[in-house]
Amino acid sequence: PKVRLESVKMTPNIENYTLELELKVHAPEELYEGQLLVETNVSFKDHFVTRNFVDINSGCVRTIIDMLGTKITKSYDNFASWTQYWSPQNPNLYDMEFRLSYNGEVVDEIGSYVGMRTVRVEGSNVLLNNEPLYQRLILDQGYWKDSHLTPPSEEALIEDIDKIHALGYNGLRKHQKVEDERFLYWCDVKGLLVWCEAPSAFMFSDRAVDAFLGQWLDIVRQYYNHPCV
């Protein structure tokens, strides 16, 4: 549509249990002075968590969502005390719905999900959700004998992930390849850590450096919301 959500960048903060959203909207300039609004609905395992509204007055707007929300129900009366982090052991995912409306009419709608997790380095340790992470990684070249670098099917991707888990690994390094995004989706769902790696240049040069920097930033933006990465 002419008025649409271009992208939503989601950054979890597990200390405050909040989620920062950076919303990019495509719309004619004059509409930013009207009633342009994004509604965000968050749920967890089909249970409503919270709702957020933000006025869109430019092409890029930030807002912060309280992910503890209003989760007090009869069956989830202790929800606020739960630790709903994403990890390989517990790949918890929140469902997200974004609705862009103009003058009260919904003009664009997107569904997504998010995992509440943080990754950082402290000294010699990699921390996942502020806890030291022991990484048992396999080198995954993403190669199939019949279809080469293209997955033959979605089932083949799932089979690879299941076999990696069965061998006792909690993650993988994707070797010199930007994998099909469906692979990252299933790693999010099944709980498998992924180190992303760009292919090396055929020949190192200034042109290769320029291409790498531009393409790698695009790759980071595209995969930013995947909790497995």
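For the structure given in this document, a descriptive report is provided here. Along each chain, the written sequence defines residue order, and numbers are assigned to residues from 1. Only residues with pLDDT of at least 70 get local features here, since the model is predicted, and only at 80 or more are side-chain atom pairs given and counted; chain-wide, interface and lining totals rely on the full set of residues. The side-chain values count all of the structure's non-hydrogen atoms but skip hydrogen atoms and water molecules.

Moving on, we come to the pattern of salt bridges. Close approach of charged atoms allows side chains with opposite charge to pair. By definition here, a salt bridge exists when the distance from a side-chain nitrogen of Lys or Arg to a carboxyl oxygen of Asp or Glu is within 4 Å. For the structure shown, the criterion picks out 16 salt bridges. Two residues, Asp162 and Lys190, come together in a salt bridge whose shortest N-O distance is 3.1 Å. Pair noted here: Asp162 is in helix H1 (residues 154-166) and Lys190 is in helix H2 (residues 181-190), with a separation of 28 residues, a long-range link. By relative accessible area, which is 36% here, Asp162 ends up partly exposed. Here a helix means four or more residues in a row that DSSP labels H or I, a strand means two or more in a row labelled E, and each is numbered from the N terminus. Burial classes follow relative accessibility: with a 1.4 Å probe on protein chains only, a residue under 20% of its type's maximum area counts as buried, one over 50% as exposed, and anything between as partly exposed.

Another aspect to go through is the environment of Asp108. Residue placement: Asp108 occurs in strand E7 (residues 105-114). Each C-alpha atom, one on Asp108 and one on Ile161, is 34 Å from the other, the two residues being 53 residues apart in sequence. When sequence neighbours within four positions are dropped, the list of residues in contact with Asp108 reads Pro1, Val3, Arg4, Leu5, Phe98, Arg99 and Leu100. Pairs of residues are marked as contacts when any of their non-hydrogen atoms sit within 4.5 Å.

It is worth spelling out the pairing of strand E9 (residues 125-128) at this point. For two strands to be treated as a pair, DSSP must find no fewer than two bridges joining them. Across four bridges, the pairing between strand E8 (residues 119-122) and E9 is antiparallel. Counterpart to Val119 in the pairing with E9 is Leu128. Here E8 hands over to E9 after two residues, with Gly123 in that stretch at a positive phi of 65°. Bridging between E9 and strand E10 (residues 131-132) involves two bridges; their strand directions are antiparallel. Counted as the bridge partner of Leu127 is Pro132 from E10. Between E9 and the antiparallel strand that follows it, E10, lie two residues; Asn129 among them carries a positive phi value of about 55°.

Attention shifts here to the sheet that holds E10. Two modes of strand pairing occur in sheets, parallel and antiparallel, and in both the strands are linked by backbone hydrogen bonds. The antiparallel open sheet is built from three strands, whose spatial order is E8-E9-E10. Two strands lie at the open edges of the sheet, namely E8 and E10, each paired on one side alone.

Function-wise, these values are silent; they only describe arrangement.
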